[in-house]
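Architecture at a glance
What follows is the residue order along each chain.
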Amino acid sequence: QVQLAESGGGLVQAGGSLRLSCVASGSIFIINTMGWYCQAPGKQRELVARIARGGSTMYADSVKGRFTISRDNAKNTVYLQMNSLKPEDTAVYYCNAESTLGSKWFGQGTQVTVSS
């Protein structure tokens, strides 16, 4: 099993920045990909960004050029730097980890609210 603990959410004005962090614990040796999902009220959870153990990344079109995902394998931590935030970025952000066999884990989530 893998446990994920997010931090760094909060309230910010449009145009501002936030940095989310997520620390993995437990059976971390089986983790391949880590990433972030978001879920706005009334909407499905959707992928924001992901990063593989080797460092390759992918982003949702809506955040390209504004968000940056990074990973510190030595600290079992993944980060999401969010710049130029928009009100439509308001959501609960969930850390995600996936193994090479397809097992998935999510953290409890952290609220990000962007005011206009």
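Scroll up to find the structure.
Residues numbered from 1 in each chain as written. Predicted model: local features only at pLDDT ≥ 70, side-chain atom pairs only at ≥ 80, totals over all residues. Heavy atoms only, no water.

Pairing is antiparallel across the open sheet formed by four strands, whose spatial order is 1-3-8-7. Looking along the sheet, the strands with just one partner apiece sit at the ends: strand 1 (2-7) and strand 7 (67-72). Adjacent strand axes in the sheet meet at a mean angle of 15 degrees when their direction is disregarded. As judged from the six bridges shared by strand 1 and strand 3 (residues 18-26), these two strands associate in the antiparallel manner. (Pairing = 2+ DSSP bridges. Helix = DSSP H or I, 4+ residues; strand = E, 2+ residues; numbered from the N terminus. Axes fitted to C-alpha atoms, helices over the stretch in contact; angles between N-to-C directions.)

Take the pattern of salt bridges next. The tally for this structure, following the rule as stated, stands at three salt bridges. Across the pair Glu98 and Arg50 runs a salt bridge whose closest N-O atoms are separated by 3.3 Å. Taken together, the residues span a long stretch of sequence, with Glu98 in strand 9 (residues 91-99) and Arg50 in strand 5 (residues 46-51) at a distance of 48 residues. Its relative accessible area of 24% is what places Arg50 among the partly exposed residues. (Salt bridge = Lys/Arg side-chain N within 4 Å of Asp/Glu carboxyl O. Buried < 20%, exposed > 50% of the residue type's maximum accessible area, 1.4 Å probe, protein only.)

Okay, the state of the cysteines next. With the rule as written, the count across this model stands at one disulfide. Each sulfur in the disulfide pair Cys22 and Cys95 lies 2.0 Å from the other. Residues Cys22 and Cys95 are joined through a disulfide that is left-handed, its torsion about the S-S bond being -85 degrees. Remark: Cys95 occurs in strand 9 and Cys22 occurs in strand 3; sequence separation between them is 73 residues. Given a relative accessible area of 0%, Cys22 falls into the buried group. Cys95 gets classed as buried once you look at its relative accessible area, which sits at 0%. With no disulfide of its own, Cys38 has Cys95 as its nearest cysteine by sulfur position, at a separation of 14 Å. Overall, Cys38 belongs to the buried group, its relative accessible area being 10%. (Disulfide = S-S within 2.5 Å.)

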